[in-house]
Amino acid sequence: KVEPLPTDVVLQSLSRTVPDLLACISSSPPTAFASGTSPYEMRKAVREFNAKKTAALQKLHDLTKKGKEYNRVPLVRNTEHWDVVGVLSTALLASTEGDSGKTTIDGIATTKQQPNTKPSVNEDRRLICWTLNNLSISYENKAVVALGDHS
């Protein structure tokens, strides 16, 4: 039988990665460009931003998947160092503001839709929901995820 990791080891490991992931997830897309910036350069910058945000969401989700259950309680209960539920909730709300949930510039979508294809569910939104679901599985986290930090 595998012994669970000590809480201080888990917290130390999480403290090296989680703050950077949350900073990336909660960051704003690039909006100010130098005059003379081409639409191609603007779209490229926005695509890079979206890719970094999706990668950060994937890494955060990976910390909560099966086999990493020991991360779930510290991720939610350690609110003096980070607010995972708050950042994910804000990102989820922001992802529902547009049709695609991805950042656009002047209405120009940064991803191309193939003709006659069914639009897919936004990957960021899916990762956010899966991560929140994983975090809410732990009994200790249910009240915090549902009612907030002071529950």
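If you're wondering where the values come from, they're calculated on a predicted model, not measured in any experiment. Counting starts from 1 at the beginning of each chain's written sequence and moves along it residue by residue. A pLDDT threshold of at least 70 governs which residues receive local features in this predicted model, and a stricter bar of 80 or more applies before side-chain atom pairs are shown or counted, although totals over entire chains, interfaces and linings include all residues. Side-chain metrics rest on all non-hydrogen atoms present in the structure, leaving aside hydrogens and water.

Colleague: What should I look at first to understand the overall build of the protein chain in this one?
Modeller: Counting from the N terminus, the helices are the DSSP runs of H or I reaching at least four residues and the strands are the DSSP runs of E reaching at least two. The helix and strand tally for the protein chain stands at 6 helices and 0 strands. Along the protein chain, from the amino end to the carboxyl end, the secondary structure elements read α-α-α-α-α-α. Looking at the protein chain as a whole, 32% of its 151 residues are labelled buried. Only heavy atoms matter for contacts: two residues are in contact if any of them lie within 4.5 Å across the pair. Within the protein chain, counting contacts between residues at least 6 apart in sequence, those at least 24 apart form 75% of the total. Accessible surface is estimated by sampling points in the Shrake-Rupley manner with a 1.4 Å probe; for residues, cover comes only from the protein chains shown. For the protein chain, the accessible area works out to roughly 9900 Å², and carbon and sulfur atoms hold 55% of it. When a residue's accessible area, from a 1.4 Å probe over protein chains only, is under 20% of the maximum for its type it is buried; when over 50% it is exposed; and in between it is partly exposed.

Colleague: Even after reading the chapter, I still don't get the confidence of the model for the protein chain, so can you show me in this structure?
Modeller: The predicted coordinates ought not to be read in detail in places where the model reports low pLDDT. Confidence along the protein chain averages 81 in pLDDT terms, with 76% of residues attaining 70 or more. Averaged pLDDT values for the elements of the protein chain fall to 76 in helix α6 (residues 142-147) and rise to 94 in helix α5 (residues 123-137). Scored from 0 to 100, pLDDT reflects the predictor's confidence in each residue. The low-confidence segment residues 99-110 (pLDDT under 50) makes 27 contacts with residues lying over four places distant or belonging to another chain.

Colleague: I keep staring at the packing of helix α1 (residues 7-26) against helix α2 (residues 39-62) and nothing clicks. Help me out?
Modeller: Relative orientation of the contacting elements α1 and α2 amounts to 140 degrees, with a least axis distance of 9 Å. With respect to their mutual orientation, α1 and α2 come out oblique. Along this stretch, α1 crosses α2, giving a crossing that reads as left-handed. Only K52, K53, A56, L57, K59 and L60 of α2 make contact with α1, whose side of the interface consists of L21, L22, C24 and I25. Ten residues, namely Ala, Val, Leu, Ile, Met, Phe, Trp, Tyr, Cys and Pro, are considered nonpolar, four, namely Asp, Glu, Lys and Arg, are considered charged, and the remaining ones, Gly among them, are considered polar. When its residues are assigned to classes, the contact of α1 with α2 shows 7 nonpolar, no polar and 3 charged. To obtain an axis, a line is fitted to C-alpha atoms, over the contacting stretch when the element is a helix, and the angle between two such axes runs from 0 to 180 degrees between their N-to-C directions. Any angle from 65 to 115 degrees is called roughly perpendicular, while one under 35 is roughly parallel, one over 145 is roughly antiparallel, and all others are oblique. Rotating anticlockwise by less than a right angle from the far helix to the near helix defines a left-handed crossing, while the corresponding clockwise rotation defines a right-handed one.

Colleague: I tried to follow the pattern of salt bridges on my own but got confused; where do I start?
Modeller: Pairing between side chains becomes possible if they bear opposite charge and their charged atoms approach one another. Basic side-chain nitrogens of Lys or Arg form a salt bridge, by our definition, when they fall within 4 Å of a carboxyl oxygen of Asp or Glu. What the rule picks out here adds up to 2 salt bridges. Residues K65 and D62 are paired through a salt bridge, measuring 3.7 Å at the closest nitrogen-oxygen approach. Owing to a relative accessible area of 30%, D62 belongs among the partly exposed residues under this scheme. Among the ionic pairs, R126 bridges to E123, the shortest N-O distance being 3.2 Å.

Colleague: Would you mind going over the environment of R126 with me for this structure?
Modeller: Mapped onto the secondary structure, R126 falls in helix α5. By relative accessible area, which is 29% here, R126 ends up partly exposed. It is 9.2 Å that separates the C-alpha atoms of R126 and L92, two residues lying 34 residues apart in sequence.

Colleague: How should I be thinking about the nonpolar core in this particular structure?
Modeller: Core analysis: the largest hydrophobic core is formed by 23 residues, its most contacted members being V18, L60, L75, V84 and L88. Elements that contribute at least two residues to this core include exactly α1, α2, α3 (72-77), α4 (84-95) and α5. Ignoring sequence-local partners within four residues, the contact set of V18 consists of L63, L75, W82 and V84. In plain words, nonpolar cores are sets of buried Ala, Val, Leu, Ile, Met, Phe, Trp, Tyr and Cys residues tied together by side-chain atoms within 4.5 Å.

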